[in-house]
Amino acid sequence: MRTLTRAGALSAVAVAALLAAPSAHATPPGDNGTVKIHDASTGEELRRNEPHVCTFYLDAFGFDSVQDVDWHIEAWAPTAGVKGETVKSGEITLDGQGHGRTEDLSLPDGHYKLFWNFDGENGSAKHKVFWTECEDSDDTDDGNPGDGTATPSGSASASPSASASQPAVAAGTPSASSSPSAQANPGDLAETGSGAPVGLLSGVAAVLVAAGGYLVFRRRKAS
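Residues numbered from 1 in each chain as written. Predicted model: local features only at pLDDT ≥ 70, side-chain atom pairs only at ≥ 80, totals over all residues. Heavy atoms only, no water.

Asker: Describe the side chain of His-99, with residues and values.
Answerer: Looking at the secondary structure, you find His-99 in the loop between strand 5 (86-93) and strand 6 (100-101). Only 3.0 Å separates the side chain of His-99 from the side chain of Asp-59, close enough to count as a polar contact. (Helix = DSSP H or I, 4+ residues; strand = E, 2+ residues; numbered from the N terminus. Polar contact = N/O pair within 3.5 Å; in protein donor to acceptor, adjacent residues only side chain to side chain.)

Structure below.
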């Protein structure tokens, strides 16, 4: 009986040790979870990192329940003007499942590094290196409106000049109508000039008439 009792006790101790073994090897609180860079159009359920984005957000999975996180983003080589300069920062409290996401973020095109620090961490912060690339979409957007605005402005500038030229023609028409008055002046001068010979001829005619009358008078007196 003692042998059976001892065997049962040893079995119970072995089972207890086996049950306790997983908890002894479990990950300590604080260092669980991962954070991903996601494009703003990507759903939160995706657990794949997207290192090339335009507008983006930070998406955290598998952290401890209701864990507080402080994060910041630094400019990084090769595009950083000053390497290690913090360009954006924030904080977030994760939900009961250790999940959370930031609001949508944006940065100038370049290379950056995320530092994700959280309460209770035993190691170093979580890191992610990524690129922001919005240049192509901006060029396309700027080009189309630029072309569109250039065309209306050109047509607008052309139409006023055309309308301005029309009044000029109209103004030219009255000036043409006023030209007869200018022609009338030379005509008046011509008439004035012709008036001088007519007067002279009239004087000569008067002299001739007087001379003729004198001759007739003398001829009658002589007879």
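Asker: Pulling in residues and values, what's your account of the nonpolar core?
Answerer: The biggest cluster of nonpolar side chains holds 20 residues, and the ones touching the most others in it are Phe-56, Leu-58, Trp-71, Ile-73, Leu-114, Trp-116 and Phe-130. Secondary-structure elements contributing two or more residues to this core are strand 1 (34-39), strand 3 (56-61), strand 4 (68-75) and strand 7 (110-118). Setting aside anything within four residues of it in sequence, one finds Leu-114 in contact with Val-35, Ile-37, Leu-58, Trp-71, His-72, Ile-73, Lys-126, His-127, Lys-128 and Phe-130. (Core = buried A, V, L, I, M, F, W, Y, C linked by side-chain atoms within 4.5 Å. Buried < 20%, exposed > 50% of the residue type's maximum accessible area, 1.4 Å probe, protein only. Contact = heavy atoms within 4.5 Å.)

Asker: Give a detailed account of the pairing of strand 7, specifying residues and quantitative values.
Answerer: Of all nine residues that make up strand 7, eight are buried, and the element is covered over most of its length. Inspection of the sheet shows strand 4 paired to strand 7 by seven bridges, in the antiparallel sense. Note that in strand 7 the partner of Ile-73 across the bridge is Leu-114. With seven bridges connecting them, strand 7 and strand 8 (residues 126-132) associate as antiparallel partners. (Pairing = 2+ DSSP bridges.)

Asker: How would you sum up the sheet that holds strand 2 (residues 52-53)? Please name residues and give values.
Answerer: The strand order 2-8-7-4-5 describes an open sheet built from five strands, whose pairing is mixed. With partners counted over all chains shown, the strands left at the sheet margins are strand 2 and strand 5, one partner each. Bridge analysis of strand 2 against strand 8 gives two bridges, and the strand direction is parallel. When the bridges of strand 8 are listed, Val-53 appears paired with Thr-132.

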